[in-house]
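Summary of structural features
Residues per chain, in single letters:
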Amino acid sequence: MTSPALAGEIYTGVVRSAGASLSALGRGIRNFLRLALGTTSGRIGLPIVLAHAFVAIFGPWLAPYSPTDIRAEHQFVAPSFNQEFLSVGKYTIEAGSETLQALDNGVVSEELRSGFARASSGLSALTEDAAVSTVQDGSSWTITQPGVAPYEVSTIEGSERYWFGTDNFGRDVFSRVLSGARSLILISLCGALLGIFLGTVVGMGSGYKGGKIDEVVMRIVDAMMAFPGLLLTLLILVTLGARDAPWGWLDSQWEAVLIVVTVGIVFLPGISRVMRSITLKAKNQEFVMSARLRGESAAYIIFREILPNAMTVLAVELSVRLSYSILIVSSLGFLGLGVQPPSPDWGLMISESRGYLADYPWMVLAPAGAISSLVVGVNLLSDGIRQASGLPREITQ
Amino acid sequence: MSSQSANGTPLLQVEHLGVTFFTPRGTVRAVRDASLEVRRGEVMGVVGESGCGKSTTAFAVMGYLPGITQVDGKIVFEGQDVAQMGPDELRHLRGNRIAMVYQDPATALNPTMRVGPQLEEVLREHTDMASQQIRQRTVELFESVRLSDPETVGRRYPHELSGGMQQRVVIAMALACDPDLLIMDEPTTGLDVTTEATILELVVDLKQRINAGILYVSHNLGVIATVADRVAVMYAGETVEEAPVRDLFKDSKHPYTTGLLNCVPKPPTDAGEVVQLSRIPGVVYSANDPAPNACLFVSRCPIAQESCSRQAPPLADAGGGHLSRCLYPGDVDTGIWGELDTSVDTERARQEPVLTATGMRRFYGNWGRKYFLFGPRVRPPVRAVTGVDFKVGLGRTLGIVGESGSGKTTVARAIVGLVPRDQGGLQLQDQELAPSVESRTRDQRAAMRMVFQNPQASLNPKLSIRHAIVRSLRKFAGLNKRDSQKRAGELLQAVGLDPGYLDRHPGELSGGEQQRVAIAGAFAASPDLVVADEAVSALDVSVQAQVLNLLRSHQQDTNTSYVFITHDLGVVRYLSDDILVLYAGHVAETGPANKVLGLPSHPYTEALMSAAPIPDPDAEPTVIRLSGAVPTMRAEFTGCFFAGRCPRKVGPVCDDTPPPEQIVPGGGHLINCHIPLEELAALQADGSGSAVTQASAS
Amino acid sequence: MARFLAIRLSLIVLTLFLVSVAIFIAGEVLPGDACTKKLGRFITPESYTACMAEWDLDRSAAVRYLDWIAGVDPGDGSGGVILGDFGYSFNQLRPVTDVIGHRFWYSVTLAVIAFFVAVPTAVLVGIWAGVRPDSIGDRIVSAVAMVGISLPEFVTGVLLIIIFASTLDLLPTLSTIDRGESPLTNPKILVMPILTLTAVVFAYIMRMTRANVIEVMQSAYVRTAVLKGIPMRRVVFRHAVPNALLPTISVVAQMSGWLLAGLIIVETVFSYPGLGSLLLASINNDDQHLLQGLVLIIAGAYTIGNLVADLLYAYLDPRIRYA
């Protein structure tokens, strides 16, 4: 073959296969949408999942504040769409209507007092006999208190939008929730995908080969399944986590990689059992026998003949595993074994806020709502896909 | 059938029944316009191909149509409309006055409940009998359906019973309260032909014994001819013809019925002529489409006239109580489907065989040990095929017959190497073949192709038709991409499909089309031998005819040899030059087709032939019956492999000594039996089978 | 039956053996050894050697494994795991069995009560919803179960605290127990941990039961039962439910594992002194023997749960042969 012809052949080959993979991708997306939107649960779940995906991608840019900047003067601000603040010397207090009224009337209300107490921790709190004195040109006041130098209270300093309130370090909870989505979703998704990959290779290979190999692999899988999921996760994480990143450039992501690998290994036994049983069933099906009679290789039969028939199961399995993996990863965060602070983590946010449950519940409710809505969305979507694809309602494992 | 009951008001009148299911995937008009009557003491047969609304009609009579359903028309049982009944009225009716027997007895019985209590609860619900009486009645019922050991069978679980016994339990359950109407929905489909025969015999016996009407639904014309008094033919949700059984089979007044009858393979004439099967073009009118104002059969009908497309014909009397939904019933006769070729099967010259098997053996599994991996060996392997010899001649067809469990599928798979044989030789022409397909050469694989039973499963549902065919071409014919595409189109045309089908997926094709694609794939590389394992068993009779014709004409054109495996003697007779009868992994009889099917025969062959239902109401009733099923062959037989069920067992010799191989004079006909050939021929010729009692083996 | 039991038991022993080897190897491959960590800044070659000798760390891994499992070295007076002796805790300088001691019973109390609250209600509700699929009642129950399987235990626990402790002030926020006291003396502290554990288990088993009942109700033998003309109640309870519950049994066995793993989180949320929080502590403190002991106990409990399920299954399903 002359070389221009060869080049032409290669060119058309590349164009064709690119076109083919694009159209395959398009077909995949169409199929997925058909399954996802085929049922009510899917129609509710998909938008929730998409919203979370959107936040995971754009969250850090959407966040109104830095998720990690500490503002001691804005500690424990309750959720509000527009919170005004007053400056008290170098401290700032929330400007509720009562605060302003108290200043106008020259009365120091309980609320004002407690506001000062929080805003100026370290300074002595206002006492009963503190008083607001002269109104100076309507833009600042002076608070006097016996034995203490008068505070000057300046005009309204500005307004902040702490939609979900602030935490014990004065960090904006909303921004933290937005920024926390990415690592959780990315790590969970990668973990689930890795688990699917490992489980598929091990399960299909072992099932197709059969015999002694299959026997041994399945014994190991059984032993792994003798551990409850979270326990297995902890053990693998502890074992893996004791070593350092093999390459320097991986250092910053090493914890995330460890969690992904752990989740992947934890999912291996369950997924490989499902894939193995699919393979065993397919092995006795006539189209696989046809392929054997054509003299196809084992790899060809597994990947070209059997795998396409397992795609629906894999889609359901992926969505189910994704919800498990979100639960596992956020639980690790809660136990302090996840991605380390200051990068926000929903599980860790809840864990750190436990001491403030009684007085500042928003610190817990925001990340709790975020995790819950994400998992509910994923579960609804997986229920929807399963119903639409006519698979049994529950898959054991 | 007594005359007074035949004249009285019908027990059941179904009038213009329509059943529409509203499913998430669309509206399904399962039944469009079904009308039929059942009288006391009479069997009303309902026949038609799959998807024609037979079973739905049966369940509608029970008032059982789950899901969102609309029922039109009337179902009048003893003056009351079942369709209008409330839940309590229905409950009183079901199991009590109307009872049903189902298609698959294995799933129709509760797997975790002993069969006795499953029957007793019917009596407890509908009668006032005391426990003692109920138990007694249960035993009587088991006895009346000829279950061996009626006293103890009730303590068994369904999975401990064979398919035939399970169906007898279901029948006993249906008879428990002496119902007025018995509905039998394909009660023998899925059972072995020998079991089917015993169940049919029971049904015929019941008809005489109980004073009930029976509605018998089946797709099998032979079964209907055996049991029915009158027959309704259903097509696309309509009853298209209703007539007494003899009128229907001898003088049909609807073109669909004559077409169906012509699709059933008939034995060759005495002169050795084989009657070609007729071909009904097209497919059944889809249940998803609303009825047009036309005959639903018009597009497939050879005598359609212009008026047939303008007017929906009513079910009208075509003379003598013979109802037909055809505008021109007078034009209908068997000739309308074209002159059927009768080709004389010339005895092909005996040449070197294409395939020779000697002592082929296959055992499944290893010795099971008492404690999982340890302990003494307690479970021997299953002896699926034990030393089988056969030859397949060039351009000839070897038919392999036997019940399920006889080892015929194992033989087929061992030939192509899907299941490696563990002993014995196998030669393709002059080459010895390796046991497993993976170790055979490309040319050897190309020379031997296989067509499977289930067309849905033999094509990968996720890959296009193109893939199925092109892949074979590229593997075997060594064609490049472009040539193989072109050739694939030609192959599809050769099996009567449009090349446009190449880009479709198997799910978009009907069962018959799928099987033709599978055949096109098998013939892609011009093989020397095609192994067809029950290739037409899953198909409706008209589709089966198309595929059989295709295989036959292909063989005549290309001189390909076939190994054709089936449980259906009619099909074997139609297609085979040679026959191998297998039982429990042993050869019972082998030889040229006309010799094996003639006299003398091995008792097992005789029983198989006797069991096969013939689509002719005037056919002589046969008498040889086998009970039980093929045993699981874990131990070696000490005597004859068939001794346990043989109706002609001669004595202890059958249990002690393996049968001798007897050669019938006149070419390649072997019978493995203790009974001398002359004696066998004499026994079978004078039909002394009436003296043969059932061998009990259960 | 005896044979079946013997086979299953030997499989359990095999599994636990694999688990013990795996957990031992996992401890071995950890970089750095216990003595380096324990001695910290004050390490000297002499104290290091002494420490290694004291804890037998200077011997080969195989010997130590055998000693740990079977107590082959009579000198240290340890009986080995097979005699119920799990060795000595590095951190607490007490025998592991002592450390685990009462905490084991605390955890068992929690798990057992949660199990017996969650499983029967879940099965009953699952049957109720399964016989009327897509009705309004079924939709409500299914939606609740959907939320139940979606909320992580720590979210459920925290929400319960906000509702019952902070807002309604009905229950104590923390479920601490004084040393040596029985958790049953103050049942109030058990309510929220049990509710948290129950939420997941209930949701999971209820969904499973419901799905099985729906499937079985569509089976041919239930159709047969309906067409026998027997009342619907009998169809459901005599024909559908026994068959639908069979697959639920193995899920219930799996739930025993979920319960044990759930304890880790729940005990942390409520500061409950059980095995879960101990396990977490042993991980954080790198307390090898304690961790190994805990893992073996949990794996053992889980496999025994599965054995019970298998036996129950074999007893209830006549199709299963004891082989």
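Criteria and cut-off values
Residues numbered from 1 in each chain as written. Chains lettered and ligands numbered in written order. Predicted model: local features only at pLDDT ≥ 70, side-chain atom pairs only at ≥ 80, totals over all residues. Helix = DSSP H or I, 4+ residues; strand = E, 2+ residues; numbered from the N terminus. Contact = placed C-beta atoms within 7 Å. pLDDT = per-residue confidence, 0-100. Pairing = 2+ DSSP bridges. Buried ≥ 20, exposed ≤ 12 C-beta atoms within 10 Å, placed from the backbone. Axes fitted to C-alpha atoms, helices over the stretch in contact; angles between N-to-C directions. Nonpolar A, V, L, I, M, F, W, Y, C, P; charged D, E, K, R; others polar.

Some words on the overall build of chain B
In terms of regular secondary structure, chain B is built from 23 helices and 28 strands. Seen along its three principal axes, the alpha-carbon backbone of chain B occupies a region of about 75 × 65 × 55 Å. For chain B, the share of sequence-separated contacts (at least 6 apart) that also reach a separation of at least 24 residues comes to 69%.

Describing the confidence of the model for chain B
All names here are of chain B. Confidence along chain B averages 85 in pLDDT terms, with 93% of residues attaining 70 or more. At the level of individual helices and strands, chain B shows its lowest average pLDDT in helix α1 (residues 3–7), which scores 44, and its highest in strand β9 (residues 230–235), which scores 94. Under a pLDDT of 50 for its full length, residues 1–6 has, in the predicted model, 10 contacts with residues more than four places off or in other chains. In the model output, the complex is listed with pTM 0.84 alongside ipTM 0.85.

Notes on the pairing of strand β28 (residues 669–672) of chain B
Residue and element names in this part refer to chain B. Both strand β26 (residues 586–592) and β28 contribute to a ladder of two bridges, which runs antiparallel. Considered in β28, the bridge of T590 is made with L670. The loop that links strand β27 (residues 661–664) with its antiparallel partner β28 comprises four residues; one of these, G666, has a positive phi angle of about 105 degrees.

Describing helix α2 (residues 54–61) of chain B
Residue and element names in this part refer to chain B. Of all the eight residues making up α2, eight are buried; the element is thus mostly covered by neighbouring parts of the structure. When we look at burial in α2, the residues that qualify are K54, S55, T56, T57, A58, F59, A60 and V61. Two residues or fewer after α2 comes G63, characterised by a positive phi angle close to 70 degrees.

As for the environment of A682 of chain B
All names here are of chain B. Tracing the backbone shows A682 in helix α23 (residues 677–685). By the C-beta count within 10 Å, which is 14 here, A682 ends up partly exposed. For the pair A682 and L296, spaced 386 residues apart in sequence, the C-alpha separation works out to 52 Å.

Considering the sheet that holds strand β20 (residues 423–428) of chain B
All names here are of chain B. Spatially, four strands are ordered β18-β15-β20-β21 in an open sheet, and the strand pairing comes out antiparallel. Two strands lie at the open edges of the sheet, namely β18 (382–393) and β21 (431–432), each paired on one side alone. Pairing between β20 and β21: two bridges, direction antiparallel. Each bridged residue has a counterpart across the sheet, and for L428 the counterpart in β21 is Q431. Contacts between helix α12 (residues 408–416) and the sheet are confined to β15 (353–364), β18 and β20, with β18 contributing the most and set at about 65 degrees to the helix.

Overview of the interface of chain A and chain C
Facing the 38 residues of chain A at the interface are 42 residues of chain C. Secondary-structure elements contributing two or more residues to the side of chain A that touches chain C are α6 (211–225), α7 (229–241), α10 (298–334), α11 (346–353) and α12 (362–388) of chain A. Per-element tally for the side of chain A that touches chain C: the top contributor is α12 of chain A, with eight residues. Class assignment for the residues of the side of chain A that touches chain C results in 24 nonpolar, nine polar and five charged.

A look at the sheet that holds strand β22 (residues 448–451) of chain B
All names here are of chain B. With respect to topology, eight strands assemble into an open sheet ordered β22-β23-β24-β19-β25-β26-β28-β27, the strand pairing being mixed. Of all the strands in the sheet, the pair left with one neighbour each is β22 and β27. On average, each strand axis in the sheet is inclined to that of its neighbour by 20 degrees, with strand direction left out of account. Bridge count between β27 and β28: four bridges; the pairing is antiparallel. In the strand pairing of β28, V664 is matched with H669.

Some thoughts on the environment of V201 of chain C
Residue and element names in this part refer to chain C. With respect to the secondary-structure elements, V201 resides in helix α8 (residues 188–217). Through-space distance from the C-alpha of V201 to that of I177 is 25 Å; in sequence the pair is 24 residues apart. Setting aside anything within four residues of it in sequence, one finds V201 in contact with A114, A118, A122, M255, W258 and L259.

A look at the interface of chain B and chain C
Across the boundary between the two partners, chain B contributes 26 residues, which contact 19 residues of chain C. Among the secondary structure elements, those contributing two or more residues to the side of chain B that touches chain C are α3 (87–93), α4 (105–108), α5 (115–126) and β16 (368–371) of chain B. Per-element accounting of the side of chain B that touches chain C gives the leading share, four residues, to α5 of chain B.

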